[in-house]
Every structure is written in structure tokens, then in C-alpha cells.
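The lines below spell out each chain.
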Amino acid sequence: MADGAALVEEGIGPAQSPLVAVSFQRNVHRKEKYLEAEPKALGITQIGLSVFQITCVAVFLSKGLSDEQADIPFFISSLLLIIAGSLAVAARNLHLPTLKACFGMQIVACVASVFNVIVSMMKMDLLYYGCWHYYYNSNSTNLEEVCHKLESTNSHFFAEVVVIQAALFAISVTLAAYCCKVVNCCSPAPKMPVITVHVPPVQQ
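Here's a quick rundown of the structure.

Definitions and limits used
- Residues numbered from 1 in each chain as written.
- Predicted model: local features only at pLDDT ≥ 70, side-chain atom pairs only at ≥ 80, totals over all residues.
- Heavy atoms only, no water.
- Patch = residues over 30% accessible without salt bridge, like charges linked within 9 Å, V, L, I, M, F, W, Y side chains within 5 Å.
- Areas by Shrake-Rupley, 256 points an atom, 1.4 Å probe, with all protein chains shown as cover.
- Salt bridge = Lys/Arg side-chain N within 4 Å of Asp/Glu carboxyl O.
- Helix = DSSP H or I, 4+ residues; strand = E, 2+ residues; numbered from the N terminus.
- Phe/Tyr/Trp six-rings, centres within 6.5 Å; stacked < 30°, edge-to-face > 60°.
- Lys NZ or Arg CZ within 6 Å of the ring centre and 35° of its normal.
- Axes fitted to C-alpha atoms, helices over the stretch in contact; angles between N-to-C directions.
- Parallel < 35°, antiparallel > 145°, perpendicular 65-115°, else oblique.
- Left-handed = near helix turned anticlockwise from the far one by under 90°.
- Nonpolar A, V, L, I, M, F, W, Y, C, P; charged D, E, K, R; others polar.
- Buried < 20%, exposed > 50% of the residue type's maximum accessible area, 1.4 Å probe, protein only.
- Contact = heavy atoms within 4.5 Å.
- Core = buried A, V, L, I, M, F, W, Y, C linked by side-chain atoms within 4.5 Å.
- Expected span 1.5 Å × (residues − 1).

## Some words on a nonpolar patch on the surface
Residues V114, I118, M122, F169 and V173 make up a contiguous nonpolar surface patch of about 440 Å² in total accessible area. When residues of the nonpolar patch are traced back to their parent elements, those giving at least two are α3 (96-123) and α4 (141-183). In terms of residues, the nonpolar patch owes the most to one element, α3, which gives three residues. If you trace the backbone, F169 turns up in helix α4.

Below, the structure written as C-alpha cells:
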């Protein structure tokens, strides 16, 4: 480097006040990268879709068209997605502990979405096995027809649930990725070079 220039690491002062000093500092605006993900919109979407699914499954359960043992884990997973969406919105204040909590909950939300997809795909064929006994009973033709209509409705509904869960999984992955950039869980915090020019005093 030319005379009068010095390379100064973070935390080490320039020796004997060189004319040009280069230091490396953390980017104080790195937290704002989280806002690029539009966390308010994605978080509200997470909450809205999860509430919609809880309501629909609750209606199916109240009409006796669903299995209670399979629905309880589904409700718990959907509640986790609502909590994740709430934290995504709350993390807009860029408070570091909130961002870390949001990152952790988005990872949990990814697992919950995958679990709900598996449960939904299993339930798509649940009603099918309940219609077979109408096939051998000639006096229950109408009941068989109604049963198959319910089966079709059930399959279409849970196919929709699978699509919604895939969207929720994509949202969770996106938010988790942006949180990871801010909390530096994958790599150390980047540093920015800062160049300081010292003007020597003018001699009288």
C-alpha cells in the first residue's frame, strides 16, 4: 500500500494517525434484509390459510365425516403454523431475539406442513373403504350413491388441503431463509470496509 495508508482491523486503532485508514465493521443495516421477504404479508397468509383449514376440518369433524384421532394432530400442527405466522409479523420490529424465535418457529412450521400433507393424503382414501359394503346390498343403492358422492367431496377437499400445505411449506422456507441471513446461523456476519481519510493540520 502507498505511504501514509494503513490496514486497520476492527477494534484496532490506526497507528500514528495515518492519512488513510481502512477498517472493517459489521453492517448495521443487515437486519433490514428480513423486510425484503414481506414478512407481514407472508405471516398473515400463514395465519389465514391455517385458520381456514382448521375451520373446514372442524366442520367435517362435526358432521361425522372425519376421524377425530387423525384430526387432533392436524389441529395442533395448524396451531403451530398460526404461531409461526404471528412471529413472522412480530419480527418486523427487527428485534434480534424475536427474529431468532421466528427462525425456530418457521423450521417447526416446515415440519408441521409436511406432517399435515402426509395426514391429508392418508385421509383422502379414508371414506373409500366405508362404501364397499353398500356394493353387495341391493337395497342400499341410494346410500351407495350418496356414499360415493361424499367420498368424492372428501377426496377433493383433502387434495385442496395438500395444495394449501405445500404453499404454507414454501412460505415457511422463505421466511426461515431470510431469518437465517439476519441471525447468521449459516455463516459469520459479513463486514463492510470503511475508509477513513485523515487530513493533516495546516501549518501556519
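## Some points on unusual backbone geometry
Positive phi outside glycine occurs at L94, with the angle close to 65 degrees. Structurally, L94 is set in the loop between α2 (68-90) and α3.

## Section: the packing of aromatic side chains
Going through the model one piece at a time under the given rule, you end up with zero aromatic pairs. Its guanidinium or amino end placed over the ring of Y178, K181 lies 4.8 Å from that ring's centre, counting from NZ or CZ.

## Structural notes on the packing of α2 against α3
Direction vectors running N to C along α2 and α3 enclose 150 degrees, while the axes themselves pass 8 Å from each other. As judged from the angle between their axes, α2 and α3 are roughly antiparallel. For the pair α2 and α3, the sense of crossing is left-handed. Taken together, the residues of the contact of α2 with α3 sort by class into 18 nonpolar, eight polar and two charged.

## Thoughts on the side chain of Q106
Turning to its location among the elements, Q106 is positioned in helix α3. Taking the relative accessible area as the measure of exposure, Q106 reaches 0% and is therefore buried. Each residue touching Q106, except ones within four places of it in the same chain, is listed here: Q46, A84, G85, A88, S172, L175 and A176.

## Concerning the nonpolar core
Formed by Y34, A37, A88, A91, L94, L99, C102, I171, L175, C179, V182 and V183, the largest nonpolar core amounts to 12 residues. The dominant element in this core, judged by the number of residues it contributes, is α4, at five residues. With near-sequence residues (within four places) excluded, L175 lies in contact with Y34, A37, P39, L42, Q46, A88 and Q106.

## A short note on the environment of Q46
Residue position: Q46 is located in helix α1 (residues 39-62). The buried category is assigned to Q46, whose relative accessible area is 0%. When the C-alpha positions of Q46 and A88 are compared, they lie 9.2 Å apart, and in sequence the two are 42 residues distant. Look past the residues within four positions of Q46 in its chain and what remains in contact with it is L81, A84, G85, Q106, A109, L168, I171, S172 and L175.

## Here's the deal with the environment of L99
Position of L99 relative to the elements: it lies in helix α3. A sequence separation of 11 residues divides L99 from A88, and the C-alpha atoms of the two residues are 8.0 Å apart. If we skip the residues at most four places from it in the chain, L99 touches Y34, A91, L94, C179, V182 and V183.

## Digging into α1
Since the α-helix turns once every 3.6 residues, residues separated by three or four places project in the same direction. Given a rise of 1.5 Å per residue, 24 residues ought to cover 34 Å, and the 34 Å separating the end C-alpha atoms of α1 matches this to within 8%. Among all positions of α1, only P39, G43, Q46, S50, Q53, I54, C56, V57 and F60 are buried. Phi for G64, located one or two positions after α1, is positive at around 75 degrees.

## A short note on the environment of A37
For A37, the position within the fold is in the loop between β2 (20-26) and α1. Between the C-alpha atoms of A37 and A176, which are 139 residues apart in sequence, the distance is 10.0 Å.

## Let's talk about the packing of α1 against α2
With their axes 8 Å apart at the nearest point, α1 and α2 run at an angle of 160 degrees to one another. Considering their axes alone, α1 and α2 lie roughly antiparallel with respect to each other. The two elements α1 and α2 meet at a crossing, and its hand is left-handed.

By themselves these figures say nothing about function.
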